[in-house]
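# Commentary on secondary and tertiary structure
Chain by chain, the residues:
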Amino acid sequence: MESLKAEGVENIFGIPGGANLPTYDALVDAGFRHIQVRHEQGGGHAAEGYAKASGRVGVAFATSGPGATNLVTAIADAMMDSVPTVFITGQVRTELIGTDGFQEADILGATLPFVKHSFQVTDPRQIPEYVHEAFHVASTGRPGPVLLDIPQDLSRADIEYATRTEPVELPGYKPMSKGNIKQVRIAAKAIANAKRPILYTGGGVVNANASEELRELAAADRFPITSTLMGLGAYPASGESWLGMLGMHGTVTANWAMDNADLIVAIGARFDDRITGKLSEFAPHAKVIHIDIDPAEISKNIGAHIPIVGDAKLVLPELTREYRALQTDTTRLDAWWKQLREWQQQHPLRYEPGVDGEIKPQFMIEAMHRATRGEAIVTSDVGQHQMWAAQYYGFEQPRHWINSGGLGTMGFGLPAAVGAKVACPDDDVVCLAGDGSLIMNCQELATCVAEDIPVKVFLMNNGYMGMVRQWQELFWDRRYSSVEMGASPDWVKLAEAFGATGMRCENADELEGTMVRALEADGPVLLDVRVAQEENCYPMIPPGQAARDMVEAPKAVS
Amino acid sequence: MEAGTPQMVKLEDLHVPGQLSGRKHILSILVENKPGVLARIAGLFSRRGFNIDTLAVGPTDDPSVSRITLTLDGAVHPIDQVTKQLHKLVNVLKIRDMEPEETVAREMAMFKVSAAVESRAEIIQFAEIFRAKIIDVSRRTMTIEVTGSADKIEAFERMIRPHGLIEMVRTGEIAIARGGD
């Protein structure tokens, strides 16, 4: 407990059990806020939501066996999205390890592929040291999850805690931070020579708290800028160089810009398959500058012509300075911008408005933007609603868009909102949920009520697991297989059963007003919004195809 | 051309370095001697689809540090990616991709062969040519120890196989840099 305090921990999410009884006993007097979640997976995602909203390390506790295995999805999620988190699990007593004891699970072994690092305590005197090392590894370099597994008998031991004075030193862990200045100079010159450059930014910019630095770079010239799902908000959606998100459900302009660019400046992004589509046809004309804190990301999927390993917060100002010093003629970008503006005009994001009060899902996101003045911290589940939010909400600030990008974990949104609200109690925290996803972790509504965490759940209810349905419609001849949600609960009653407020909206004209009321209401609210059932999310790059094969929404026949 | 002018970097002159070396690589990896380290390394290889050809683990002169020597095929794996992923493991201290010309690599193998009385002389002769040692003899078998490069061991295997190879055990290569370093 003392080591956790020394790390500045204030909030912990978790559930007690047999093997972490000693830890929970110590918790009584330790002075942390402990949020007693209703399922360990929820605790794990709440720790992630906390970390993503605040930039600080999220902490979750679970007991051994099933408690620990319930955390696995959240740990894998935190690994894929580089979320600084520390998971502390109880383990059976030392003498029971390896005997298939009651509630024993080899959580260290189970999570090896999904952790940045992990420790199992074998001597109670290691605990303070391991806690500090865990926080150090989780929060530095490319952030990620660290697991600390403590056998029950060892967590009972009475040990002295000496306040740590020197920084953590791990002989095999030396993350790079400053980029190589020579490489930065070459990069600046390459950008100066590019006629069709594009900045392609990712979650790494958000993790590095380098949003300001990115905006400075973008302002150094008229560089068009696009971002992955994870990087939204680092550059404001209202900014004039913004092309929209790229990738499978990105804008036509962003994807065609990548396809036609002569130079891609990738910053904290990892050329994931949802971005590149068919790898061999990705950005065929482009040279690549790749800035990333993790050297293993460079040239992993797409070869980098100019690699720069470093922290975006330190590298970007240098790059901006070097670029400005070159005093390049900005008119060289005129033709490029003319082309981009043309695409933007001809291929905007669009949908057919609903008739007779029908709520189109895209309209719901726009209404949500208006009701929250675009300022809410939005968490999301995984599916169509997530993509529509990414397309239509227009994020202006980093750490305001919290979702599961890499692992794509349905049921992430509500517990993540719990964590985000704990981290940022003064912000509106809205969980944009899908009906397929929400039910996977809806037990956390009980946490919201019991712990007085007033998150607002805006449920985009279309009666389907919509994204899967869309794929079945488009690529599997509309043979719907297990995608209808059928007998979903009455969400209003469900909210009320948990002691939260339930609301419903079925008419587009009333939607924004209802949302405002939900935001103004005390306590947690679940707003069930009935949207058009079989709306598809466009534009879309069909799986395994290239950006130029992007499919747009079919035009309505009038 | 003046320093500071952008003309010094032309986009068309930029190239991505080749990823596949096309040769065998010996990686000499120093790791912290802690529980689970080998599982982390083995797990990393299987998860990323890298194939280990040989693997040898042993102590070093420092009891807190172990050495893992592994070989893999640079024709199928981008070695750069393998070493970068390995470096991300916190318990990995140092990785050296041994240059073939500057490295002495050795492997030991033991061969148990059928050795009827009439073929023994020939087997002993082979062993002498390969500077191998006969370390065990029974009425029907001989066991021979061979040390050398992987090529030499494979050559010996080809020679001895026609006599009836009962079992072969190989250690996997270990390697050390040549000369003062």
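The residue numbering used here restarts from 1 in each chain and proceeds along that chain's sequence as written. Chain letters and ligand numbers both follow the written order, the letters beginning at A and the numbers at 1. This being a predicted model, a pLDDT of at least 70 is required before a residue's local features are given, and a value of 80 or more before pairs of side-chain atoms are given or counted; all residues contribute to the totals for chains, interfaces and linings.

### Structural notes on the overall build of chain A
The test is simple: Strands here mean DSSP runs of E at least two residues long; helices mean DSSP runs of H or I at least four residues long; both are numbered from the N terminus. Only C-alpha atoms enter the radius of gyration; for comparison, a globular chain is expected to reach 2.2 Å times N to the power 0.38, where N is the number of residues. Contacts here follow a simple rule: the backbone-placed C-beta atoms of the two residues must lie within 7 Å.
In terms of regular secondary structure, chain A is built from 22 helices and 18 strands. Relative to a compact globule of 558 residues, whose C-alpha radius of gyration would be 24 Å, chain A shows 24 Å and is just as compact. Considered along the principal axes of its C-alpha atoms, chain A spans approximately 70 × 60 × 40 Å. Of all intrachain contacts in chain A linking residues separated by at least 6 positions in sequence, the fraction that spans at least 24 positions is 76%.

### Overview of the domain arrangement of chain A
Residues and elements named next belong to chain A. Stated formally: Segment limits for the domains were obtained from an automatic or database-derived domain assignment. For this scheme, ten residues count as nonpolar: Ala, Val, Leu, Ile, Met, Phe, Trp, Tyr, Cys and Pro. Four count as charged, namely Asp, Glu, Lys and Arg, and the remainder, Gly too, count as polar.
With domains assigned, chain A is organised as domain 1 (2–156), domain 2 (181–346) and domain 3 (361–537). Taken over C-alpha atoms, the centre of domain 2 sits 31 Å from the centre of domain 3. Contacts between the two partners involve 13 residues from domain 2, matched on the other side by 14 residues from domain 3. In terms of residue class, the side of domain 2 that touches domain 3 is made up of eight nonpolar, five polar and no charged.

### Comments concerning the pairing of strand 15 (residues 429–434) of chain A
Residue and element names in this part refer to chain A. The cut-off we apply is this: Exposure in this text rests on C-beta crowding, where 20 or more other C-beta atoms within 10 Å of a residue's own make it buried, 12 or fewer make it exposed, and counts in between make it partly exposed. The C-beta atoms are placed from the backbone. Only strands that DSSP links by at least two bridges are regarded as paired with each other.
Counting buried residues along strand 15, six of its six residues qualify, which places the element largely inside the surrounding structure. With burial as the criterion, each face of strand 15 is covered, one bearing Val429, Cys431 and Ala433 and the other bearing Val430, Leu432 and Gly434. With four bridges connecting them, strand 13 (residues 377–380) and strand 15 associate as parallel partners. Counterpart to Val378 in the pairing with strand 15 is Val430.

### Let's talk about the domain arrangement of chain B
All names here are of chain B. By domain assignment, chain B separates into domain 1 (19–98) and domain 2 (104–177). The straight-line distance from the C-alpha centre of domain 1 to that of domain 2 is 28 Å. Listed per partner, the contact involves eight residues of domain 1 and seven residues of domain 2. Of all the secondary structure elements, the ones that give two or more residues to the side of domain 1 that touches domain 2 are strand 1 (24–32), strand 2 (54–59) and strand 3 (65–73). Sort the elements by how many residues they give to the side of domain 1 that touches domain 2 and strand 2 lands first, with three residues. For the side of domain 1 that touches domain 2, a count of residues per class yields four nonpolar, four polar and no charged.

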